[in-house]
Amino acid sequence: MYGGKNVKILSIAIPCYNSAAYMRRCIDSLLPGGEDVEILIVDDGSTKDNTAEIADEYEKNYPGIVKAIHQENGGHGEAVNAGLRNATGVYYKVVDSDDWVDVDIYLDIIKTLKELVAGPQTVDMFISNFVYDKAGAKHKKVMRYKAFPENEVFQWDHAKKLHIGRYILMHSVIYRTMLLRECNLELPKHTFYVDNLFVFQPLPYVKNLYYKNVNFYHYFIGRDDQSVNEKVMISRIDQQIRVTKLMIDYLVGRKSELVKNRRLYQYMRNYLEIIMTVSSVLLIRSGTTEHLEKKKELWEYLKGKDKRLYLWMRNGIMGGTMNLPGRGGRKISVEGYKICQKLFGFN
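Predicted model only: the values in this text are computed from it and were never measured.

**Observations concerning the overall build of the protein**
On a plain count of helices and strands, the protein comes out with 14 helices and ten strands. Here the protein, with 347 residues, has 58% of them falling under the buried criterion. Pairs at least 24 residues apart make up 78% of the contacts formed inside the protein by residues separated by at least 6 positions.

Structure follows, in structure tokens:
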């Protein structure tokens, strides 16, 4: 456990793939953490620019704080895995190379983590807000978690029901490093959208949580090649479906255990509902017969795994909207999704 000198309170992994154009802003926002943190720059087989050289430069200039990790290309998930394998800090955070953090809030979070580690209860999951920093948008949408008590250690049964769209993303979470290892977290290689698995799979192991209502993480949205760009997401829809099915398998496989913790099960079920909705609407948006068949198959997959969960989801507002028949029904589905986009700020 954290003992101060020479022990890092926080390990921060930065997955980088041809990220030279923007990774310095990300790294520079994390350097003020000083000796309390280790910054793990994971060069995931970059070939088109000098990402690798920039990583080595920071390691040379900030020994004991920055570590450059070079690996063959394995995708975002494998970069997160590499960071976790090399992490020595008590807590583990992932910051994508085109994102950044608020420095003052960052330093305050480090201080809070130190206080929590020195306290009587082990905190498994630390949650803070993030900002959808969308290029060109005057109003930056902030993801807050009003369902959680603030500035205190709490358990799932002390959380209120999370509103639609207010699910925890990788940007908002810091996990205890040993918890991630204890739950054998291993994200699939060469697969996008595994950040949902990163948050989802460790949840049954989380006993104590802590929420700080501060706008810590800036989630940049706006690059044409970004994985959350809608056209890019549609082109990678098979990977989105794969992640969705892995989440279905995980939730159904642990259902008998999870239902004993009603609030946690409700949260994980609602989280899966959101991911099913995103997958469905992207398949509808593509407009091809092949993708409409894939949407049908995805819902049949859920039905085959757990009919009761399927009926709950299929008869809900989102599930019902995503499965309206005909061209008119699909148009209503897309319009409903657009309303959610405006309300919650996501792509």
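That covers the picture; the talk isn't over yet.
**Examining the packing of aromatic side chains**
The tally for this structure, following the rule as stated, stands at 19 aromatic pairs. Consider the rings of F130 and Y132, whose centres lie 5.0 Å apart with planes at 65°: the pair is edge-to-face. Its relative accessible area of 0% is what places F130 among the buried residues. Ring geometry for F148 and F154: centres 5.4 Å apart, planes at 35°, overall tilted. What makes F148 buried here is its relative accessible area of 4%. Every member of this aromatic cluster is reached through a ring pair, and the members are W156, Y167, F200, Y250, Y267 and Y271. Sitting above the plane of the W312 ring, R269 keeps its charged end 3.8 Å from the centroid.

**A closer look at unusual backbone geometry**
Of note in this structure, N18 is not a glycine but carries a positive phi near 50°. Tracing the sequence through the fold places N18 in the loop between β1 (10-16) and α1 (23-30). Despite not being glycine, Y193 shows a phi value in the positive range, around 70°. With respect to the helices and strands, the residue Y193 is situated in the loop between α5 (177-182) and α6 (195-200).

**Quick word on the pairing of β1**
Looking down a regular strand, the side chains alternate between one sheet face and the other. Within β1, seven of the seven residues are buried, which leaves the element mostly enclosed by the surrounding structure. Along β1, one buried face is formed by L10, I12, I14 and C16 and the opposite face, lined by S11, A13 and P15, is buried too. Inspection of the sheet shows β1 paired to strand β2 (residues 37-44) by seven bridges, in the parallel sense. The residue of β2 that forms the bridge with P15 is V42. The handedness of the β1 to β2 crossover, carried by α1, is right-handed. In this structure, β1 lies alongside strand β4 (residues 91-94), joined through four bridges in parallel fashion. Residue pairing for β4: S11 is matched across the bridge by Y92.

**Some points on helix α11 (residues 289-305)**
In this model, α11 (17 residues) spans 25 Å end to end at C-alpha, consistent with the 24 Å of a helix rising 1.5 Å per residue. Considered for burial, the residues of α11 that qualify are H291, K295, L298, W299 and L302. On an axial view of α11, the arc spanned by its buried residues comes to 90°, and they lie on one face. Structural note: α11 exposes T289, E290, K296 and G304 on the side pointing more than 90 degrees away from its buried face.

**Some details on the packing of helix α10 (residues 262-286) against α11**
It is at 8 Å that the axes of α10 and α11 come closest, and there the two elements cross at 160°. By the angle between their axes, α10 is roughly antiparallel relative to α11. Along its contact with α10, which presents M276, S279, S280, L283, I284 and S286, the element α11 presents H291, L292, K294, K295, L298, W299 and L302. Along the lines of polarity and charge, the residues of the contact of α10 with α11 split into seven nonpolar, four polar and two charged.

**Regarding the pairing of strand β3 (residues 66-71)**
Where β2 meets β3, six bridges bridge the pair, whose relative direction is parallel. In the strand pairing of β3, L40 is matched with K67. In this view, the connection linking β2 to its parallel neighbour β3 by way of helix α2 (residues 51-61) has right-handed handedness.

**Side note on the side chain of S97**
Note that S97 resides in the loop between β4 and β5 (100-101). Polar contacts involving the side chain of S97 include one to the side chain of S19, which spans 3.0 Å.

**Section: helix α8 (residues 237-253)**
With 17 residues, α8 should cover 24 Å at 1.5 Å per step; its first-to-last C-alpha distance of 24 Å lies within 8% of that length. Every buried residue of α8 is accounted for by I237, Q240, I241, V243, T244, K245, M247, I248, Y250, L251 and V252.

**Digging into the confidence of the model for the protein**
Interpreting fine coordinate detail is not advised for predicted regions of low pLDDT. Averaged over the protein, the pLDDT score is 89; the fraction of residues at 70 or greater is 88%. Per-residue pLDDT stays below 50 along residues 343-347; that stretch engages in 20 contacts with residues further than four places along the chain or on separate chains.

Calculation rules
- Residues numbered from 1 in each chain as written.
- Predicted model: local features only at pLDDT ≥ 70, side-chain atom pairs only at ≥ 80, totals over all residues.
- Heavy atoms only, no water.
- Helix = DSSP H or I, 4+ residues; strand = E, 2+ residues; numbered from the N terminus.
- Buried < 20%, exposed > 50% of the residue type's maximum accessible area, 1.4 Å probe, protein only.
- Contact = heavy atoms within 4.5 Å.
- Phe/Tyr/Trp six-rings, centres within 6.5 Å; stacked < 30°, edge-to-face > 60°.
- Lys NZ or Arg CZ within 6 Å of the ring centre and 35° of its normal.
- Pairing = 2+ DSSP bridges.
- Right-handed = clockwise from strand over helix to strand, strands pointing away.
- Expected span 1.5 Å × (residues − 1).
- Arc of directions from axis to C-beta.
- Axes fitted to C-alpha atoms, helices over the stretch in contact; angles between N-to-C directions.
- Parallel < 35°, antiparallel > 145°, perpendicular 65-115°, else oblique.
- Nonpolar A, V, L, I, M, F, W, Y, C, P; charged D, E, K, R; others polar.
- Polar contact = N/O pair within 3.5 Å; in protein donor to acceptor, adjacent residues only side chain to side chain.
- pLDDT = per-residue confidence, 0-100.

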